[in-house]
Amino acid sequence: MVLLSMTASHHELDMSTLELLSAGAGSVGRAAVATCEAITGAVVVSTCNRFEVYLDVESPVDGWGVQHASREVARLVAAASGVAEDVAVHAFSTRTGPDVAAHLFEVAAGLDSMVVGEREIAGQVKRALEEAREGGVTSSTLELLFQTASRTSKKISNETTLGGNGRSVVSLGLDLASAELPPWRQVRAVLIGTGSYAGASLAALRARGCDDVRVYSGSGRAEQFAADRGVVAVTDLVEALEDADLVVSCSGARGRALAGGARARARAGAGAGAAGGAPTVTGVGAEGDVLVADGDVLVAEGDRNLADGDALTAEGDDAPADGDFFVGGGDALGHVLDAAAVVRARSRAAEAAGDEAPHRPMVVLDLALHRDVDPRVADLDGVLLYDLASLKAHSPALGSLVVGQARTIVERATQDFEETRLGRAADTAVVALLDDADRRIAAEVAERVAERRAAGGEVDDADTEALARSVRRRVHAELHDAIVAARASALAAAREEVSAVVADAEAAILGADVSGRDEVCAGR
C-alpha cells in the first residue's frame, strides 16, 4: 500500500482554472474507489482555494498502480468538470510516500493557505474525512493520516501563535473593506448564503461590531439561518442592496450549477459528439433542472437537486430551489449577484436620496470559489469588488519565526506518522514471534507437568498456573532482543519497499508509457 495525493491550489493555478477544475469535486472520491481496482480509499479536500485528492493505493512494487490511480482520477476530474483530460492531468501536483503526510499536515495547520495561519481549513480537512467515511470510501491508512493531520493542527494552534489573530479569508476581506466603510457599528451588511462560510462571515462581522446584517438565500434557507442567529432574512435581494454598505457573498450556488452542468454534459456527450461540439449549460429550470443547449435543442436533464449530495463545497450549502437563486440577467451560468441587480439597487437608492446625500460607496466581498458575483460589478461607479484572486494579492506575510515553529511540529508529526504506518507491517513479524513463544510456553508447561506426575507428584491447577507464569517470564525475557531485531528488520524492509514504489511511481507519473497496463483500473 502507498499513499498518493493529487493537489491543485492557488499556488499553481489562477482562481478561474481552479474554479473550473473543481466543479463536481464531491463525486470524485466515490467514483475513484468504484472504478479503479488499485484505489482502496479516497478523501477529497475541496475549499475556496484548493482541490486535493488523497488516495490509498494498492500498488505493485514497480509503482504502476500509482500511475494508473493518478490517471484514473484525472480522467474522473475531467469528466466531472468538463475540462480536457490532458488539462486535468497537468493541473495537479502529485505526491507519494512521506511527502503526502507532510503536505496534508501543512494544509491542515494553515501553512499552505492563501492567508497563512487561517484556522478554517482545519475544520474543512476534518469534514473531508467525515464525508469520505459517510460515503464508505476511506481506509484505515487514510483515517490515520487525516486524524493525525487534525491532531497536528491542534498542537500547532496550542503551542504557537500561528492563527492566534483569527487570520482567515473572511477576516482579510473585512479588513480590506473597512477602509471604505463607515465605523462598523454603522455598517449595513447583506450576507448571501447560509452555509458554514456564511456562519463564519456573520461571526466575523459581529466581532467587529456590525449588527445590522440581513441574510439572503435563493434556496429558502435564509429564514431559518436568520432565526437561529438573531439576524433578519430578506427575500428581495435588490431591495436589500439599496442601502447596503457591504455585501458578503459565499453561497457557492453557481459552483453547484457548474457541477450539475458537467454531469449534464457527460450524460449528453454522445449527442454532442454527433453534433460536432460540447453542449453548454444555459441555466436552471423551475424545478432545478439543468438546461443544456445542443444547437437549437433544449434538453432538460432531470437533476432536481444540483448538489446531488456530492457537489457541496466549503463556500456554503445552498441548493437551488424554484429557479430563483440567480438574481438579474447574469451570464450563461447565472451569477448569484450580477451587475444589473446592483445597478437597479443603486439607482433606487439615488432616487430615494435625491439631493439630500451623495451615494454611499458599496464594498462587495465574493468569497465563493465559483464566483457568486459577476466580475462586471467591479466596473460600476461607487462599487468596490474583492474576490478570492484580489484577496490573495493582498494577503499579508506571517513572521518567519512562527512559521518555522509550526513547520518543526509538522516535521515531527510526519516522522511519527511514517513510523506508525510502517510499524503496522513490523507488527506482523512481532505477532508471529509472540505466537511462537506462546506455543513454546504451552509445550514446556505441559512437559514439566507430565514429568512431575510421572515422578508421583501431585500437580493441581494452582501449581500449573504458577509454573506457567515462571516459564512465561523467562521466555518473554529471552524474546525481547528477538522482538527488537525483528521489528527493526521489518521496518527497514517496509521502508525499502515503499521507497521503491515511490521512486518507480514518480518516474511513471513524469511521463512513462502506460499502454498495455489498463487492466489495473478495471471497473468493479
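Structure shown above.
How each quantity is defined
- Residues numbered from 1 in each chain as written.
- Predicted model: local features only at pLDDT ≥ 70, side-chain atom pairs only at ≥ 80, totals over all residues.
- Heavy atoms only, no water.
- Axes fitted to C-alpha atoms, helices over the stretch in contact; angles between N-to-C directions.
- Helix = DSSP H or I, 4+ residues; strand = E, 2+ residues; numbered from the N terminus.
- Parallel < 35°, antiparallel > 145°, perpendicular 65-115°, else oblique.
- Left-handed = near helix turned anticlockwise from the far one by under 90°.
- Contact = heavy atoms within 4.5 Å.
- Nonpolar A, V, L, I, M, F, W, Y, C, P; charged D, E, K, R; others polar.
- Pairing = 2+ DSSP bridges.
- Buried < 20%, exposed > 50% of the residue type's maximum accessible area, 1.4 Å probe, protein only.

**So, the packing of helix α6 (residues 120-134) against helix α7 (residues 140-159)**
Two quantities define a packed helix pair, namely the angle between the helix axes and the distance between the axes.
Thought 1: Running from amino to carboxyl end, α6 crosses α7 at an angle of 160°, the nearest separation of the two axes being 10 Å. When the interaxial angle is binned, α6 and α7 end up roughly antiparallel. Crossing of α6 over α7 shows left-handed handedness. Here Ala-122, Val-125, Lys-126, Leu-129 and Arg-133 of α6 lie close against α7, whose contacting residues are Leu-142, Glu-143, Phe-146, Gln-147, Ser-150 and Ser-153.
Thought 2: Here the residues of the contact of α6 with α7 are counted per class, giving five nonpolar, three polar and three charged.

**Thoughts on the sheet that holds strand β5 (residues 188-192)**
Pairing between the strands of a sheet is mediated by backbone hydrogen bonds and can be parallel or antiparallel.
Thought 1: Reading across from one edge, β7-β6-β5-β8-β12-β13 is the order of the six strands in this open sheet, with parallel pairing throughout. The sheet is open, and its two edges are formed by β7 (232-234) and β13 (383-386), each paired on a single side. On average, each strand axis in the sheet is inclined to that of its neighbour by 20°, with strand direction left out of account.
Thought 2: Two elements, strand β8 (residues 246-249) and strand β12 (residues 362-366), share four bridges in a ladder whose sense is parallel. Counted as the bridge partner of Leu-246 is Val-363 from β12.
Thought 3: Along the sheet face, helix α8 (residues 169-178) touches β8, β12 and β13 and points at about 165° away from the line of β12.
Thought 4: Packing against the sheet, helix α10 (residues 222-229) makes contact with β5, β6 (212-216) and β7, and its axis sits at approximately 170° to β7.

**Focus on the side chain of Ser-201**
Thought 1: Along the chain, Ser-201 turns up in helix α9 (residues 196-207).
Thought 2: When its relative accessible area of 1% is taken as the criterion, Ser-201 is described as buried.
Thought 3: When sequence neighbours within four positions are dropped, the list of residues in contact with Ser-201 reads Val-170, Leu-191, Val-248, Cys-250 and Leu-367.

**Quick word on the sheet that holds strand β2 (residues 39-47)**
Thought 1: Read across the sheet, four strands follow the order β2-β3-β1-β4 without closing on themselves; strand pairing throughout is antiparallel. Edge strands, defined here as strands with exactly one partner in the open sheet, are β2 and β4 (93-96). Sheet twist, expressed as the average angle between the axes of neighbouring strands with direction ignored, equals 15°.
Thought 2: Where β2 lies against strand β3 (residues 50-57), eight bridges are found, and the strand directions are antiparallel. Within β3, the residue paired with Ser-46 across the bridge is Phe-51.
Thought 3: Packing against the sheet, helix α5 (residues 98-109) makes contact with β1 (2-9), β3 and β4, and its axis sits at approximately 145° to β3.

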